[in-house]
Amino acid sequence: HQPAAKYSSEMYEILVQGQLDSLWEQWFEGMTLSSVENGESGVACTLISGQVADQPALHGLLIKIRDLNLKLISVRRVKPDRNISEEIKIDLQKE
């Protein structure tokens, strides 16, 4: 068993199905909410993006999404130094 690695805040993009207006930003602790269209399905979605302090904070955001009964499409950690997203969960729509 290895000790947990020290975690520094990182930028994440969380895509959910459905549209949330900017009034929900406060509920998502200052994350930015943007309306987007899922290119694969054409369904209206919300992109929740911003700095996440640590893993427990990320899990807290995912719990809020679950509690709102929103369909989670993807979670991506964004590497700002390379302007590349590392997809850590994909195709959550497949059933």
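Residues numbered from 1 in each chain as written. Predicted model: local features only at pLDDT ≥ 70, side-chain atom pairs only at ≥ 80, totals over all residues. Heavy atoms only, no water.

**Describing the pattern of salt bridges**
In this structure the tally under the stated criterion is four salt bridges. Across the salt bridge formed by Arg-77 and Glu-10, the nearest N and O atoms sit 3.6 Å from each other. A residue pair is termed long-range when its members are at least 10 positions apart, and Arg-77 in strand E4 (residues 72-79) and Glu-10 in strand E1 (residues 10-17) qualify at 67 residues. Given the relative accessible area of 23%, Glu-10 is considered partly exposed. Between Asp-67 and Arg-66 there is a salt bridge, and its shortest N-O distance comes to 2.9 Å. Exposure class is identical for Asp-67 and Arg-66. Each is exposed. (Salt bridge = Lys/Arg side-chain N within 4 Å of Asp/Glu carboxyl O. Helix = DSSP H or I, 4+ residues; strand = E, 2+ residues; numbered from the N terminus. Buried < 20%, exposed > 50% of the residue type's maximum accessible area, 1.4 Å probe, protein only.)

**Thoughts on the environment of Leu-62**
Among the structural elements, Leu-62 can be located in helix H1 (residues 55-67). Taking the C-alpha atoms as reference points, Leu-62 and Val-75, 13 residues apart in sequence, are found 9.3 Å from one another. Sequence-distant contacts of Leu-62, that is, excluding residues within four places in its chain, are made with Ile-14, Leu-72 and Val-75. (Contact = heavy atoms within 4.5 Å.)

**Examining the confidence of the model for the protein chain**
For the protein chain, mean pLDDT is 80; residues scoring 70 or higher make up 75% of the total. Within the protein chain, strand E5 (residues 84-89) has the poorest average pLDDT of any element, 44, and H1 the best, 95. Counting contacts from residues 82-95, a segment whose pLDDT is below 50, to residues more than four positions away or on other chains yields 30 contacts. (pLDDT = per-residue confidence, 0-100.)

**With respect to the nonpolar core**
Counting residues in each nonpolar core, the largest one holds 15 residues, and the members touching the most others are Ile-14, Phe-28, Ile-48 and Ile-65. Among the secondary structure elements, those contributing two or more residues to this core are E1, strand E3 (44-52) and H1. Top contributing element to this core by residue count: H1, with four residues. Leaving out residues up to four positions away in the same chain, Ile-65 has contacts with Ile-14, Val-16, Phe-28, Ile-48 and Leu-70. (Core = buried A, V, L, I, M, F, W, Y, C linked by side-chain atoms within 4.5 Å.)

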